2 protein chains.
Amino acid sequence: MEWLKEPEKHFPPHETLKHFNDGVCVTYIQEKTELSQSTISTYLTNMEKCGLLISTRHGKWSYLKRNEETIKQFTDFLT
Amino acid sequence: MEWLKEPEKHFPPHETLKHFNDGVCVTYIQEKTELSQSTISTYLTNMEKCGLLISTRHGKWSYLKRNEETIKQFTDFLT
DNA sequence: CAAACATATTGATAAATCTCGATATATGAA
DNA sequence: TTCATATATCGAGATTTATCAATATGTTTG
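Bear in mind that the values here come from a model prediction, so they are computed numbers and not experimental data. (Residues numbered from 1 in each chain as written. Chains lettered and ligands numbered in written order. Predicted model: local features only at pLDDT ≥ 70, side-chain atom pairs only at ≥ 80, totals over all residues. Heavy atoms only, no water.)

Q: How would you explain the protein's contact with DNA strand D if you had to name every residue and give the values?
A: Taken together, 18 residues form the shell around DNA strand D, and within it A:T27, A:Q37, A:S38, B:S36 and B:Y43 come nearest. Here DNA strand D approaches the protein such that, of its atoms within 4 Å, sugar and phosphate make up 64%. The separation between a phosphate oxygen of DNA strand D and a polar main-chain atom of A:V26 is 3.4 Å. A:T27 has a polar side-chain atom sitting 2.2 Å from a phosphate oxygen of DNA strand D. Contributing elements (two or more residues each) for the surface near DNA strand D: helix 2 (26-33), helix 3 (37-50) and strand 3 (61-66) of chain A together with helix 3 (37-50) of chain B. Element by element, the count of residues in the surface near DNA strand D is highest for helix 3 of chain A, at five residues. When grouped by side-chain class, the residues that make up the surface near DNA strand D number five nonpolar, eleven polar and two charged. (Near = heavy atom within 4 Å. Polar contact = N/O pair within 3.5 Å; in protein donor to acceptor, adjacent residues only side chain to side chain. Helix = DSSP H or I, 4+ residues; strand = E, 2+ residues; numbered from the N terminus. Nonpolar A, V, L, I, M, F, W, Y, C, P; charged D, E, K, R; others polar.)

Q: Which residues make up the packing of helix 2 of chain A against helix 3 of chain A, and what values go with them?
A: Residue and element names in this part refer to chain A. Where helix 2 meets helix 3, the closest approach of the two axes is 9 Å, and the angle between their N-to-C directions is 115°. Our pair here, helix 2 against helix 3, has a crossing hand that is right-handed. Contacts from V26, I29, Q30 and T33 of helix 2 reach helix 3 at Q37, I40 and L44. When its residues are assigned to classes, the contact of helix 2 with helix 3 shows four nonpolar, three polar and no charged. (Axes fitted to C-alpha atoms, helices over the stretch in contact; angles between N-to-C directions. Left-handed = near helix turned anticlockwise from the far one by under 90°. Contact = heavy atoms within 4.5 Å.)

Q: Could you give me a rundown of the pattern of salt bridges, with the residues and numbers involved?
A: Where charged atoms of side chains with opposite charge meet at close range, the side chains can pair. Summed over all chains, the structure comprises ten salt bridges over all chains. Between A:K65 and A:D22 there is a salt bridge, with the nearest N and O atoms lying 4.0 Å from each other. Here A:K65, found in strand 3, pairs with A:D22, found in the loop between helix 1 (7-10) and strand 1 (24-25); they are 43 residues apart in sequence, far enough to count as distant. Of the residues examined, A:D22 reaches a relative accessible area of 15% and is grouped as buried. Here B:E6 makes a salt bridge to B:K9, at a shortest N to O gap of 3.2 Å. In this structure B:E6 comes out as partly exposed when scored by relative accessible area, which is 35%. Residue B:K9 is classed as exposed on the basis of its relative accessible area of 60%. (Salt bridge = Lys/Arg side-chain N within 4 Å of Asp/Glu carboxyl O. Buried < 20%, exposed > 50% of the residue type's maximum accessible area, 1.4 Å probe, protein only.)

Q: If you had to explain the sheet that holds strand 1 (residues 24-25) of chain B to someone new, which residues and values would you point to?
A: Residues and elements named next belong to chain B. Strands sit in the order 1-3-2 across an open sheet of three strands; the sheet is antiparallel. Only two strands of the sheet have a single partner each, and these edge strands are strand 1 and strand 2 (53-58). Note that strand 2 and strand 3 (residues 61-66) share six bridges and pair antiparallel. Its bridge partner being in strand 3, S55 is matched across the sheet by L64. Contacting strand 2 and strand 3, helix 3 crosses the sheet at an angle of about 115° to strand 2. (Pairing = 2+ DSSP bridges.)

Q: How would you summarise the protein's contact with DNA strand C if you had to cite specific residues and measurements?
A: Around DNA strand C, a shell composed of 19 residues is seen, among which A:S36, A:S38, A:Y43, B:T27 and B:Q37 lie nearest. Taking all atoms of DNA strand C within 4 Å of the protein, the share assigned to sugar and phosphate is 63%. With respect to DNA strand C, the backbone of A:S36 contributes an N or O atom lying 2.7 Å from a phosphate oxygen. Contacts to DNA strand C include B:T27, whose side-chain N or O atom sits 2.2 Å from a phosphate oxygen. Broken down by secondary-structure element, the contributors of at least two residues to the surface near DNA strand C are helix 3 of chain A together with helix 2 (26-33), helix 3 and strand 3 of chain B. Here the element with the most residues in the surface near DNA strand C is helix 3 of chain B; it accounts for four residues. Counted by class, the surface near DNA strand C contains five nonpolar, ten polar and four charged residues.

Now the structure itself:
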């Protein structure tokens, strides 16, 4: 969640997409976390189901970005 | 944590102490949570060690109240 | 001091979570 | 259509967490 605040600072640019408008692809997140592909895929899917992340497919890649609206609701609740 | 924001609204007055200055005793919290005595004792002890609660002993009772300073640090971090 | 009460600690078990490898599915390229 | 790549799902083991009963310790009161 922290890395996704400023993707440019934490991930390399994607080979085809020239922007981070829809976030970062699963593979890059997987590499950076050093967890297995299946683990990260499950985590990200769950986080999307929770509403914390938004997933967008571009061709074979899934891009993940923060869902700021739900995140705010949640941190407001915690506070 | 929520109950301890306004103890008067969630707990009966204590038999000896006439105020909630130091919070609420373990037994009252235990009864309200409907967890076992040992479970609640462990939880409260841990929360105190984490700095989230402040424990004060008056005779045979331990009173627990929120440690607002640390709680704020924590919610700030989460936010 | 002994009994009674409040809280703490210990040891144990069931359930949940973390994590993976193997396998399945989806998608673009050859 | 087949291959290579990206992601998803399944089944399972190891670890952690939640929770308790039993027991120990601390404290007041008779």
